[in-house]
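Read off the chains here:
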Amino acid sequence: MIDTHMHITMEEFDNDRERIVLEFEEIGMKCAIEVGYDIESSERASLFAQEHEKVYAAVGVHPHDAEKVKDGWLERLSALLHQSKVVALGEVGLDYYRDLSPRTVQKEVFKEQLKLAQTLNIPLIFHVRDAYEDMRKIVKDYDVRGVIHSFNGSEEDAKEFVKMGFYIGVGGIATYKKNVALREIISHLPLERILTETDCPYLSPQPVRGKRNEPKNVRFTIEMLSQLFNKSFAEIESQTEKNAKNLFGICS
Ligand code: NI
C-alpha cells in the first residue's frame, strides 16, 4: 500500500513520527508522500524525505496560505522542486469553503504554481473545495497532470477530471457511513485512476474516526475499495500502488 498524502512532519507527530516510518516495512507500506502546504512545511517535507528511504515529498503553497506568501516564495519553491525525492507540486488549488485567503489571491498563487509545474513537468496534488468548476477553468490553460486530493464532488466532476487525465485521491471521507453517494461515484471510476491517501493527522477513516489519523490507516480505504469494486485487498493494493508509481515515479 502507498499513502500518497500525509503530513507527519506536523507537531501532532512530534512523539512518534520516527516509529511510524520505521514500521512502514512491517505493515507493508511501500512508500508515502509527505505533503507541504507553505514554504516552511515544504522545506520540512523535503528534508524529511532526504532522511527517510520510503518517504517522498510534495512541495507547494495551499490556498489557505496563499495570502501569506512573502517575496521570493516562487524562487524558494522552484529550488525545492529541484531537490531529489521531491516528486510533486502540492498541495495547491482553491478553497472556497473556508476562504482563508481572498479568492483573487488564491487564484493568482495557484496560477503561478501551475505555470511552474508545467515548466518543470512535475505532477500536481490539488486541494480543491467548493471550487471544482473554477479550478477546471483555470487548469484548462495549462498542460499539467496530477491528482484531485480527497475528492468529494459530483459524478460530473469525477467524469470531467478523468477526461482531463487526472487521478482521483480517495481517503477517509469516502469511508464515512453517510457518504454512500460518494462511494457510488467512486465505484464508477476507472480503477487505474484511483490513488489511496490518508491526509493524516486529519480525516481518519470510519473505524478510527475521531482519532488522530496515521499512514497505516490507508488500509481501511483499500478495504472499502475492495468491497466497492468486488476485488481482493491484494488486487486493489497492487493496482493503486501501480497508479501512484505511474503518476509520481516513486517506490521503484
Ligand atoms: Ni493535506
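Rules of the game
Residues numbered from 1 in each chain as written. Predicted model: local features only at pLDDT ≥ 70, side-chain atom pairs only at ≥ 80, totals over all residues. Heavy atoms only, no water. Core = buried A, V, L, I, M, F, W, Y, C linked by side-chain atoms within 4.5 Å. Buried < 20%, exposed > 50% of the residue type's maximum accessible area, 1.4 Å probe, protein only. Helix = DSSP H or I, 4+ residues; strand = E, 2+ residues; numbered from the N terminus. Contact = heavy atoms within 4.5 Å. Donors = N, O, S within 2.8 Å, 3.2 Å for Na, K, Ca; no water. Tetrahedral: all angles 85-135°; square planar, octahedral: opposite > 155°, others 65-115°. Axes fitted to C-alpha atoms, helices over the stretch in contact; angles between N-to-C directions. Parallel < 35°, antiparallel > 145°, perpendicular 65-115°, else oblique. Left-handed = near helix turned anticlockwise from the far one by under 90°. Pairing = 2+ DSSP bridges. Right-handed = clockwise from strand over helix to strand, strands pointing away.

So, about the nonpolar core. Counting 67 residues, the largest nonpolar core has Phe126 and Met135 as its most contacted members. Considering each element in turn, this core owes the most residues, five residues, to helix α5 (residues 103-120). In contact with Met135, other than residues within four places in its own chain, are Leu94, Phe110, Phe126, Val128, Ile148, Phe161 and Phe166. Membership of the second largest hydrophobic core comes to 17 residues, among which are Val87, Val147, Leu247 and Phe248.

Moving on: the coordination of the nickel ion. Bound to the nickel ion are the protein donor atoms His5 (NE2), His7 (NE2), Glu91 (OE) and Asp199 (OD), situated 2.1 to 2.2 Å from the metal. For the nickel ion, the four donor atoms in the first shell make angles of 86 to 175 degrees at the metal, a pattern classed as irregular. Spacing between the donor residues of the nickel ion along their common chain follows H-x1-H-x83-E-x107-D. A single burial state applies to His5 and to His7, both of which are buried.

In contact at an axis separation of 10 Å, helix α8 (residues 180-187) and helix α9 (residues 218-228) are set at 70 degrees when each is read in the N-to-C sense. Accordingly, the angle class assigned to the pair α8 and α9 is roughly perpendicular. Remark: the crossing between α8 and α9 carries right-handed chirality. In this structure, α8 uses Arg183, Ile186 and Ser187 to contact α9, whose residues at the interface are Met224, Leu225 and Leu228.

Turning next to the sheet that holds strand β5 (residues 124-129). Within the open sheet, the eight strands sit side by side as β1-β2-β3-β4-β5-β6-β7-β8. Their pairing is parallel. Of all strands in the sheet, those with a lone pairing partner are β1 (2-6) and β8 (194-196), marking the two edges. When the angles between neighbouring strand axes are averaged without regard to direction, this sheet yields 30 degrees. In terms of strand pairing, strand β6 (residues 146-148) meets strand β7 (residues 167-170) through two bridges, oriented parallel. When the sheet's bridge partners are listed, Ile148 is paired in β7 with Ile168. Contacts between helix α4 (residues 73-81) and the sheet are confined to β3 (55-59) and β4 (86-95), with β4 contributing the most and set at about 140 degrees to the helix. Sheet contacts for α5: β4 and β5; angle to β4, the most-contacted strand, approximately 155 degrees.

Another aspect to go through is the pairing of strand β2 (residues 31-35). Along any regular strand, the residues point their side chains to alternate faces of the sheet. Burial analysis of β2 places five of its five residues in the buried class, the great majority of the element. On β2, burial covers both faces: Cys31, Ile33 and Val35 on one face and Ala32 and Glu34 on the other are all buried. As paired elements, β1 and β2 share three bridges and run parallel to each other. Note on β2: the bridge partner recorded for Met6 is Glu34. As paired strands, β2 and β3 are joined by four bridges and run parallel to one another. Pairing of Ala32 across the sheet is with Val55, part of β3. Assessed by its sense of winding, the connection that carries the chain from β2 through helix α3 (residues 39-51) to β3 is right-handed.

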